[in-house]
Amino acid sequence: DIAASTGKFNTLLSAAKAAGLVSTLKSDGPLTIFAPTDEAFAALPAGTVETLLKPENKAQLIAILTYHVVAGKVMSGDLSNGMTAPTVQGSNITIMTDGGVTVNGANVISADIETSNGVIHVIDAVIIPE
């Protein structure tokens with residue numbers, strides 16, 4: 001609901017709806033979400049978002065979206081350079097803190113947005129699992 005109220009995450013929220021993940025993201029948590037902005041989705045190659053939103057690509061969309069979610073509430077003060085964290089998708093992400101915080105190379109542009117079920121960190125790129 002907080003993500004929806006900002007108006008900066010329309011693509012993320014549309015993708016979560018298409019993937020059937022809205023109830024998961026609204027669960028009791030706690031969850032840490034590395035949330036790409038609409039601009040981050042727009043920077044993907046042309047047609048990528050439209051392709052991912054097709055019903056036949058739902059599994060791939062779920063994998064990408066859940067790769068942005070970590071179980072537990074991880075505040076920026078809990079991060080350390082080179083740390084890894086397991087995502088809900090199953091793969092690890094790598095956090096770097098030298099010269100600003102990054103998640104798999106995506107810059108954290110706004111951190112520690114507390115929600116009723118965890119925290120949101122805004123990132124400037126969509127991270128894709130290997």
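As a reminder, the structure under discussion sits directly above these lines.
Residues numbered from 1 in each chain as written. Predicted model: local features only at pLDDT ≥ 70, side-chain atom pairs only at ≥ 80, totals over all residues. Heavy atoms only, no water.

**Let's talk about the overall build of the chain**
Helix and strand counts for the chain stand at six helices and seven strands. For the chain, the α and β elements follow one another from N to C terminus as α-α-α-β-α-α-α-β-β-β-β-β-β. Taken over C-alpha atoms, the radius of gyration comes to 14 Å for the chain, in line with the 14 Å a tight globule of 130 residues would show. A buried classification covers 38% of the 130 residues belonging to the chain. In the chain, the proportion of contacts linking residues at least 24 apart, taken out of those at least 6 apart, comes to 59%. Roughly 6,800 Å² of accessible area belongs to the chain as shown, and the carbon and sulfur atoms make up 54% of that amount. Counting 6 positive and 12 negative side-chain charges, the chain places the centres of these two groups 11 Å from one another. (Helix = DSSP H or I, 4+ residues; strand = E, 2+ residues; numbered from the N terminus. Rg over C-alpha atoms; globule rule 2.2 N^0.38 Å. Buried < 20%, exposed > 50% of the residue type's maximum accessible area, 1.4 Å probe, protein only. Contact = heavy atoms within 4.5 Å. Areas by Shrake-Rupley, 256 points an atom, 1.4 Å probe, with all protein chains shown as cover. Lys, Arg positive; Asp, Glu negative; His and termini not counted. Charge placed at Lys NZ, Arg CZ, Asp CG, Glu CD.)

**Overview of the packing of helix 2 (residues 10-19) against helix 6 (residues 58-66)**
Contact geometry for helix 2 and helix 6: axes closest at 9 Å, N-to-C directions at 130°. By the angle between their axes, helix 2 is oblique relative to helix 6. Crossing angle aside, the handedness with which helix 2 passes helix 6 is left-handed. Contacts from Leu 12, Ala 15, Ala 16, Ala 18 and Ala 19 in helix 2 reach Lys 58, Leu 61, Ile 62 and Leu 65 in helix 6. (Axes fitted to C-alpha atoms, helices over the stretch in contact; angles between N-to-C directions. Parallel < 35°, antiparallel > 145°, perpendicular 65-115°, else oblique. Left-handed = near helix turned anticlockwise from the far one by under 90°.)

**Some details on the sheet that holds strand 6 (residues 106-115)**
Here seven strands make up an open sheet; going across it, the order is 2-1-7-6-5-4-3 and the pairing mixed. The outermost strands of the open sheet, each flanked by one partner alone, are strand 2 (69-71) and strand 3 (83-86). Two strands pair when backbone bridges link them, and strand 3 and strand 4 (residues 92-96) are joined in this way by four bridges, in the antiparallel orientation. Note that in strand 4 the partner of Met 83 across the bridge is Ile 95. (Pairing = 2+ DSSP bridges.)

**Topic: the pattern of salt bridges**
On inspection of all chains with the given rule, the structure shows one salt bridge. Lys 73 serves as the salt-bridge partner of Glu 114, at 2.6 Å between the closest nitrogen and oxygen. Placement of Glu 114 in strand 6 and of Lys 73 in the loop between strand 2 and strand 3 is noted, with a sequence separation of 41 residues between them. (Salt bridge = Lys/Arg side-chain N within 4 Å of Asp/Glu carboxyl O.)

**Examining the side chain of Asp 38**
Tracing the sequence through the fold places Asp 38 in helix 4 (residues 38-42). In this structure Asp 38 is buried but unpaired, with Lys 8 as the nearest side chain of opposite charge at 10.0 Å. Engagement of the side chain of Asp 38 in a polar contact is seen with the backbone nitrogen of Asn 10, the distance being 2.8 Å. Every residue in contact with Asp 38, bar those within four places of it in the chain, is listed here: Gly 7, Lys 8, Phe 9, Asn 10, Thr 11 and Leu 12. (Polar contact = N/O pair within 3.5 Å; in protein donor to acceptor, adjacent residues only side chain to side chain.)

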